[in-house]
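Listed below are the residues making up each chain.
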Amino acid sequence: QDNRNYTYIPGQPPPSLKALRREFKEFEEGAPPDSNEVWLNWVINRVADHQILGTLQATLTADDQLWIGYTIAPMYWGNGVASEALRVLLDELRRRFGAHPVLASVDTRNLASIRVLERNGFTLLRKEAAAIRGEPTEDFFITFHL
């Protein structure tokens, strides 16, 4: 629920723990049956003490685009958690979907996330105008080939 996680994404922090639980329940249930999508969602859990460090998401859309996203709790930023989690995610997607392009979008100001994606082999496709809570910004669209 840390506001820093929402600096570069359009969403808002859940207003309560109850709302956060409801959001996680929706993630757990997966895509609506009539959507023709596949939603894959994981919690990043440190093995040593089961501390939750963040989340990973992958969505195969009805038009066969494979999008990924991740959120890391700010107290774990800069410790390699995002890079390690992204490597695990890409391995899992390769296992499930074979040689399929993976897409991500990232606010051009989110330099840490851009570095994580670049270090893991993602390359720039294009830059597009975007908005976060009504404020204009730009997003990079980035791809990776499994």
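What counts and how
Residues numbered from 1 in each chain as written. Predicted model: local features only at pLDDT ≥ 70, side-chain atom pairs only at ≥ 80, totals over all residues. Heavy atoms only, no water. Helix = DSSP H or I, 4+ residues; strand = E, 2+ residues; numbered from the N terminus. Expected span 1.5 Å × (residues − 1). Buried < 20%, exposed > 50% of the residue type's maximum accessible area, 1.4 Å probe, protein only. Contact = heavy atoms within 4.5 Å. Phe/Tyr/Trp six-rings, centres within 6.5 Å; stacked < 30°, edge-to-face > 60°. Lys NZ or Arg CZ within 6 Å of the ring centre and 35° of its normal. Pairing = 2+ DSSP bridges. Axes fitted to C-alpha atoms, helices over the stretch in contact; angles between N-to-C directions.

**Section: helix 2 (residues 81-97)**
Taking 1.5 Å per residue, 17 residues should reach 24 Å; helix 2 reaches 24 Å between its end C-alpha atoms and fits that length. Along helix 2, the residues classified as buried are Val81, Ala82, Ser83, Ala85, Leu86, Leu89, Leu90, Glu92 and Leu93. The inward-facing, buried residues of helix 2 contact strand 1 (38-45), strand 2 (52-60), strand 3 (66-72), strand 4 (101-107), helix 3 (111-119) and strand 6 (135-145). Immediately beyond the C-terminal end of helix 2, within one or two residues, lies glycine 98, with a positive phi of roughly 70°.

**Observations regarding the packing of aromatic side chains**
Summed over all chains, the structure comprises three aromatic pairs. Ring geometry for tryptophan 67 against phenylalanine 141: centres 5.9 Å apart, planes inclined by 80°, an arrangement best described as edge-to-face. Residue tryptophan 67 is located in strand 3, and its partner phenylalanine 141 is located in strand 6; the two are separated by 74 residues in the primary sequence. Overall, the relative accessible area of 23% leaves tryptophan 67 in the partly exposed class. A residue is classified by how much of its surface remains accessible, and phenylalanine 141, at 13% relative accessible area, is buried. Aromatic side chains phenylalanine 122 and phenylalanine 144 sit 5.2 Å apart centroid to centroid with 35° between the ring planes, which places their arrangement in the tilted category. One end of the pair, phenylalanine 122, is in the loop between helix 3 and strand 5 (123-132); the other, phenylalanine 144, is in strand 6, and 22 residues separate them in sequence. Lying across the ring of phenylalanine 141, arginine 126 places its NZ or CZ 4.5 Å from the centre.

**Considerations on unusual backbone geometry**
At asparagine 36, a position not held by glycine, the phi torsion is positive, near 55°. Within the secondary structure, asparagine 36 is located in the loop between helix 1 (17-29) and strand 1.

**Focus on the sheet that holds strand 2**
Taken in spatial order, the six strands of this open sheet run 1-2-3-4-6-5, and their pairing is mixed. Of all the strands in the sheet, the pair left with one neighbour each is strand 1 and strand 5. Within the sheet, the average angular offset between the axes of one strand and its neighbour, ignoring direction, is 25°. Direction of pairing for strand 4 relative to strand 6: antiparallel, over a ladder of seven bridges.

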